[in-house]
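Examination of the molecular architecture
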Protein chains: 4
Amino acid sequence: MTVEVFALGGYGEAGGRNMTAVRVDEEIVIFDCGMSLDKILIFEKDFQKATTRELRKVNAIPDDSPLKPHRSKVVAAVLSHGHLDHIGAASKILFRYQCNIFGTDFTVELVKSDLKGEERYRSETEDIKISMYAVEPGDEVQISSKLRLEFIPISHSIPGTVLPVLHTPYGAIVYACDFKFDDHQLLGYKPDYKRLKELGKEGVLLLIPESLRVKEEMKTPSEAVAREMVKDTLQFAEEESEGIIVTTFSSHIERIQTIADTAERLGRNVMLVGRSMGKYARIAEELGLLNLPPGSRVYDKPETVARGLHRANKEKEDWLLIVTGHQGEPGAVLPRIADDELPYKLTENDSIVFSSSTIPSPLNKAQMYSLDTKLRMKGVKMFKDVHVSGHAGREDHRLLLRMLQPEYILPAHGDADMLSAYAEFASQEGYEINKDVFVTFEGTKVTIPL
Amino acid sequence: MTVEVFALGGYGEAGGRNMTAVRVDEEIVIFDCGMSLDKILIFEKDFQKATTRELRKVNAIPDDSPLKPHRSKVVAAVLSHGHLDHIGAASKILFRYQCNIFGTDFTVELVKSDLKGEERYRSETEDIKISMYAVEPGDEVQISSKLRLEFIPISHSIPGTVLPVLHTPYGAIVYACDFKFDDHQLLGYKPDYKRLKELGKEGVLLLIPESLRVKEEMKTPSEAVAREMVKDTLQFAEEESEGIIVTTFSSHIERIQTIADTAERLGRNVMLVGRSMGKYARIAEELGLLNLPPGSRVYDKPETVARGLHRANKEKEDWLLIVTGHQGEPGAVLPRIADDELPYKLTENDSIVFSSSTIPSPLNKAQMYSLDTKLRMKGVKMFKDVHVSGHAGREDHRLLLRMLQPEYILPAHGDADMLSAYAEFASQEGYEINKDVFVTFEGTKVTIPL
Amino acid sequence: MTVEVFALGGYGEAGGRNMTAVRVDEEIVIFDCGMSLDKILIFEKDFQKATTRELRKVNAIPDDSPLKPHRSKVVAAVLSHGHLDHIGAASKILFRYQCNIFGTDFTVELVKSDLKGEERYRSETEDIKISMYAVEPGDEVQISSKLRLEFIPISHSIPGTVLPVLHTPYGAIVYACDFKFDDHQLLGYKPDYKRLKELGKEGVLLLIPESLRVKEEMKTPSEAVAREMVKDTLQFAEEESEGIIVTTFSSHIERIQTIADTAERLGRNVMLVGRSMGKYARIAEELGLLNLPPGSRVYDKPETVARGLHRANKEKEDWLLIVTGHQGEPGAVLPRIADDELPYKLTENDSIVFSSSTIPSPLNKAQMYSLDTKLRMKGVKMFKDVHVSGHAGREDHRLLLRMLQPEYILPAHGDADMLSAYAEFASQEGYEINKDVFVTFEGTKVTIPL
Amino acid sequence: MTVEVFALGGYGEAGGRNMTAVRVDEEIVIFDCGMSLDKILIFEKDFQKATTRELRKVNAIPDDSPLKPHRSKVVAAVLSHGHLDHIGAASKILFRYQCNIFGTDFTVELVKSDLKGEERYRSETEDIKISMYAVEPGDEVQISSKLRLEFIPISHSIPGTVLPVLHTPYGAIVYACDFKFDDHQLLGYKPDYKRLKELGKEGVLLLIPESLRVKEEMKTPSEAVAREMVKDTLQFAEEESEGIIVTTFSSHIERIQTIADTAERLGRNVMLVGRSMGKYARIAEELGLLNLPPGSRVYDKPETVARGLHRANKEKEDWLLIVTGHQGEPGAVLPRIADDELPYKLTENDSIVFSSSTIPSPLNKAQMYSLDTKLRMKGVKMFKDVHVSGHAGREDHRLLLRMLQPEYILPAHGDADMLSAYAEFASQEGYEINKDVFVTFEGTKVTIPL
């Protein structure tokens, strides 16, 4: 009778390489397998070309070596949603385990897309068969005689997000990274409150929640709030602007839909520009998650990007551009426009809308500072923070906790401060630190008392 | 041929005692007359009992001594809107000038209400006749053979806000403190873009804009965004709460209406609690600006406050309370509830919604820290920052500037950093610092080149 | 064979009510018993008059209830040094345990002084015999057949600081709250590196280190640096000042000595003003720790304070005042001077030197903001941050860790972020989190694996 | 009778391209000609290869176009000291003016060294004769029938700093960028208080002070404080370290001397490594300003750097390295060591001392964050902030102001916030804003009332 949790990544560092493995007796299930963009930037690695060893050395991907002696026990891996800090290292690590991988269709398609881009992968691992299975939210899958996976519908800032639940002989284990409670998303499905409450009554052994925003004393605002912001801002910008450029998260399909719909209402055609903008949009369109208005264009290859922008530059008032680069990432479309490297000339009659917020790492801040300085010198109008978060605030967490009533809690996906803040929050809700709720760090293993 | 501006208050300090006087040849018009809450707190003054001399000594009210030699020239005073940092010192200072005072009805009623509260005033000044006149947004008033006042409809976070314009033989002088561009307010009127553009064509000599949020690269979000936030939050809170308390600015009538309407939809009766909550609500109701749902209650006297809360405490699920204390002000209702000084007992099943944001002065931060510590110890659910600002962001400012095209600009209502930031912004828009746009400070006088 | 640690206070909150109890089989030793000044301020308690129950309710003193079932096991209590966050609650809590209390002479005298001030104490507890024993740094005391206490000389910002070591059958337990490594203090003794290294070789089972400044990548500067700062500043101030006032920590005897010596060299007499300034100085003088220059005065009672300041005000250039109030505490001397409540009139020819730094709580920041505003309005010259910390930086911690090589570590005296930062630091030094080093929180108990 | 000041650079932006021109009737004198490192980083320019036009476009060097119509009036240029933000653009701009350039010997040698590095310069300007003259602190030079320059000895963080004074028929103009009052520097000379007071009595028309640290309520600590810090830190590091690396400002010759002397006392040889470390050290040695201990080495060329580090790596305990890279600048020695690009392998037994502080631009913070992350992963000991500033604090400024008693003040070398803060400070000292003290910005011109 053993339940052990391997904290492989994301414990003690925010925004990084999330990975957790749960051992139930002689079987192991892996949850997520993400990458740290911060480390990629610090060590200036080309992710796709770099080897697993190189990336592990700089902490850009999880260190799964604690699983080494247990490799044969791994029976399944689950990907909760398609953000890079949750799936980015799948192509580097997960294929080493001869296990089935589960995720919703959007998540699975994103991993497949990554695998295709993985240059080294093709030669090295040609003979390896990746077994990935797309599940529907609400599905249950028996993965062994004792273990069953369930995928509870939840809301987040990317389509196809679920809360994976591992049903074990000792109770349910709920992996709640990442989520927020939003009843007003237009895309997809609502959080399944009914099922969460049922689950609480059935008995939850362990909850593994994200902790990024547990210090924020609020319920994270609904995407409905972001919709109002987008409409209000674009309508205002439209009045006095020639060109309008919006930059947002390529994976935030609902946001892109809102922006595109608003553009249509304002009489502008939509142009998506940038490599990742194209990647996510195509997959979303194929799955019926994104419906760009008629006349929309997507340019995601170096040559087409230039061609598209050339055209948009000549017909500024006809287009609303949705581009990559909201964090000022070098190489993305907006920074390159700001550097005059692309054929779209910004003037004081153009508007740039950031439907995003700056991720608070020093590297992002520096990139944004550079981008800002350049844009301001061109006199463009800027609209920042037209955005709401996709991560649970303290009151989202409280609701989840009260519905599930888990016996034990292991806060994840946060730096030391955030993990501790979750623990303190849980202690307010009656949990005892170090007895019911455990603050742990990467590379450690926690044994759940049974 | 002289146009001189006396920067009497609010130049070099944010959130304070705004007061500006404009001299046109031999006539002077005063704009606003506010008080500094920060100084009241630092020096622990009882505002109503304190003398003008005492308050001036601690910089809590404007120092109008530069106007002393010119007292007889003052022909009119204008109050742009009813916030305390714009009208709070009217009862202490303005009555010394034998001039007519203009404001919209809500503003005028607020000043009258302050005058009644002014204990010392009654004895000292019984024989003084205050001549206050309520104007309608859009009105024009000839105040002398050469000068005419116009009141342009604009949006802000209190009803009855206008942009006063002083028409002079040398061009128009526009006093734009405070404002935002919001096309989606439900209460009152829209900004009069058409008139602003006309005015720009007629010729604006001088613009005196607020500068509090000119560094924010955005258009300030519409109140429509706040409405979504309020609905989303209250609906969420309703699910799992017994008591619900909302705290917000007493003067923000539209917000109070939104909260009250939402309460009604959720099946709760509304109870307004607190001295200033009562004061503003009564005036707003009389003027038809606020329509509380049937069954609503207002308690604003010490004894009724206690009685009301006693009742609400017994019927927690029936009521939604709207109370004072969003900045943790000692003596306001919410801090007193947190201190167990009032008969409403908070538990972990109650929710407190802050439809406000903390004003970033060290004193407010300390008050909020104390309040927070106490509320957290009681285990209540908290929802912070359910709010949007009422002050112009950089893009609101840009739009105003481009519509008005003033010859000269004198940034007001901001600390040194904000005034300078406005100047830098204006220089991006083609103005020349120290030639067309002047950074000035309290106690100084600026002569406008004609 | 049991070693258990009760984390009673200071685990998860910085600057507070430090208290730790260590159980070794059937005996318990208590380390420190401090109070939280922050909580006293938030809840506006009069510490001396408040009951233990009231203070515990607001978290102002440690909650020792986990020790209730074990009261008879407590064989000794140790006070590591005389700061209030380490001894402040001794008078409220420790006397309930019928145990001997050990500390160096300065520490013991401070507790005795507190006991005298404890009004309620006298009536309630007249018959209780407090057994306090003053030890010398370097002493060892056998406290039971199995347990021995040792007091290793160390440096900190108050005289008489030691690292208490509990020698047990299972190895030594070192309580390292608070300390820094400073070889250049003039007062007292040097850190006993030799003994620390020996101890490391003998075998340390557990280290309980403070963690306040473990994130600071430095060795905390020596008091020799502060000496240079004090001399440089006072010499500069002397040139152009009439009055000179220095404010610093009353307990920082070495700093007061430095200031007084510098005053003497500059030809000024020294006047210590303020209640706690008097209390600490008298005890320090009695123990031979402080030697004020001839002609110095100490005023610490309301009437003498006024008299002293009256005199100093008439002979400004003859005196250098050392006063309380460096955190802007209401009621302390400097804030009262700033409020014109005391007969010392500040002008633009006076200098105020803060030989201290602002403790970063919102309440302190607000107090300092008020004090600053008032002082600035008087035009005085101000010299802030003439100070170095007394707490270990990261490199002090590293040195201690490498010398002691403990088997286990339990970081203390820090908020969640600091405790976690210590754990991360220790993991760099080869410790394993949750296995060798434990992040724990108030109210919890940690069992040390033997 | 005209005195006009052209604010060409450094007005409204900290840490940048300082340049001021003063017109006295028909003659102009230029003060300083610096570059903005921030802009070089943002726009990724190779400074030496870039043209004046390119650099001006990105605001990396001053825009001297307002001087265009007055070129023939320029009779002299003065360089106050050798920091890049004061002399860095001399090679790009000053040679266009056919004027004599004055500076102390260290400053002049640095400019000459820059000119040699200026690749483009050689071809383009071969025939241009730069007339640079080295003056002694205390010297006076008659530059025209009406104008005389004086160079008052002052202290700062680089040798050869002076306060240039332009004596005009209308009074003296004092350019006080940059300075601090330090009576305990070992290198060079003391501030000439006597002369400053005399000057105040003779009559100062205008003071142009730096304003970077005017908000710091202090006298900037003496270099004597830094000496204690360096000694304390290095002695501590020596105890337990194999390798010791110190990084500091290459131009801070006194600091380098202190570090080198301390190394000698600790029995380590000194090795200076890095291009700019070599450049400054050589010039300083030639001028007798730096005396490295016997056995010291300087490596400043790519091949010798590698060779030197290779040797130091084999004899770690014999050397103390002083290297470039204290801001994490890519390409400097320390970041390259951290990247394993140079043959010096860091381990947990090595110490790195930052005798510097991070310049608070987002770009520097990001560079330092990367460097920190890398160094921490290697487990090295780090000692940050072993440093005091070279810039005047508020009390240094007050002393200068009271000695000089200028009629007018034009704060320079600061962002808008700092310039405004100086103005507010001056208003406390009795100056009137916009009348006696002018907040101005780059590109503007201020006429001094005579």
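Fair warning: this is a prediction, and the values are worked out from it, not measured in the lab.

Some points on the domain arrangement of chain A
Residues and elements named next belong to chain A. When cut into domains, chain A gives domain 1 (3-217 + 390-447) and domain 2 (223-383). Computed from C-alpha coordinates alone, the two centres of domain 1 and domain 2 are separated by 30 Å. With 21 residues of domain 1 in contact, the opposing surface of domain 2 contributes 16 residues. Taken together, the two surfaces of domain 1 and domain 2 that pack against each other cover about 1,600 Å², and 65% of this comes from carbon and sulfur.

A short note on the packing of aromatic side chains
Residue and element names in this part refer to chain C. For the structure shown, the criterion picks out 32 aromatic pairs over all chains. The ring of Tyr 97 has Arg 71 sitting right over it, with the charged end atom 5.3 Å from the ring centre. Directly above the ring of Tyr 344 sits Lys 316, whose terminal nitrogen or CZ lies 5.0 Å from the centroid.

Considering unusual backbone geometry
Across the junction of Cys177(B) and Asp178(B), the peptide omega takes the value 5°, indicating a cis bond. Inspection of the secondary structure puts Asp178(B) in the loop between strand S11 (171-176) and helix H7 (193-202). Unlike most non-glycine residues, Asn59(D) shows phi in positive territory, near 60°. Within the secondary structure, Asn59(D) sits in the loop between helix H2 (52-57) and strand S5 (74-78). By relative accessible area, which is 24% here, Asn59(D) ends up partly exposed. Although it is not a glycine, Asp385(D) sits at a positive phi angle of roughly 60°. Looking at where Asp385(D) falls in the secondary structure, it is placed in the loop between strand S18 (381-383) and helix H14 (394-404). For Asp385(D), a relative accessible area of 41% puts it in the partly exposed group.

Some points on the interface of chain B and chain A
Taken together, the contact between chain B and chain A spans 37 residues of the former and 37 residues of the latter. Between chain B and chain A we count six salt bridges in total. Here Arg376(B) makes a salt bridge to Glu217(A), at a shortest N to O gap of 3.1 Å. In this assembly, chain B and chain A are joined by 14 residue pairs in polar contact (both at pLDDT 80 or more). Broken down by secondary-structure element, the contributors of at least two residues to the side of chain B that touches chain A are helix H8 (223-240), helix H13 (362-377), strand S18 (381-383) and helix H14 (394-404) of chain B. With nine residues, the top contributor of residues to the side of chain B that touches chain A is H8(B). Grouping the constituent residues of the side of chain B that touches chain A by class yields eleven nonpolar, eight polar and 18 charged.

What to know about the interface of chain B and chain D
Between chain B and chain D, the contact holds twelve residues from the first and twelve residues from the second. With both sides pooled, the region where chain B packs onto chain D buries about 1,100 Å², and carbon together with sulfur makes up 57% of that total. Per-residue buried area on chain B facing chain D is highest for Ile433(B), Asn434(B) and Phe441(B); these three make up 40% of the total on that side. Counting every contact that joins chain B to chain D gives zero salt bridges. At the junction of chain B and chain D, the tally comes to five residue pairs in polar contact (both at pLDDT 80 or more). If you list the elements that add at least two residues to the side of chain B that touches chain D, you get helix H15 (416-428) and strand S21 (444-447) of chain B. The leading source of residues in the side of chain B that touches chain D is H15(B), at four residues. Here the residues of the side of chain B that touches chain D sort into five nonpolar, five polar and two charged.

Rules used throughout
- Residues numbered from 1 in each chain as written.
- Chains lettered and ligands numbered in written order.
- Predicted model: local features only at pLDDT ≥ 70, side-chain atom pairs only at ≥ 80, totals over all residues.
- Heavy atoms only, no water.
- Domains from an automatic or database assignment.
- Contact = heavy atoms within 4.5 Å.
- Buried area = accessible area lost by both parts, 1.4 Å probe.
- Phe/Tyr/Trp six-rings, centres within 6.5 Å; stacked < 30°, edge-to-face > 60°.
- Lys NZ or Arg CZ within 6 Å of the ring centre and 35° of its normal.
- Helix = DSSP H or I, 4+ residues; strand = E, 2+ residues; numbered from the N terminus.
- Buried < 20%, exposed > 50% of the residue type's maximum accessible area, 1.4 Å probe, protein only.
- Salt bridge = Lys/Arg side-chain N within 4 Å of Asp/Glu carboxyl O.
- Polar contact = N/O pair within 3.5 Å; in protein donor to acceptor, adjacent residues only side chain to side chain.
- Nonpolar A, V, L, I, M, F, W, Y, C, P; charged D, E, K, R; others polar.

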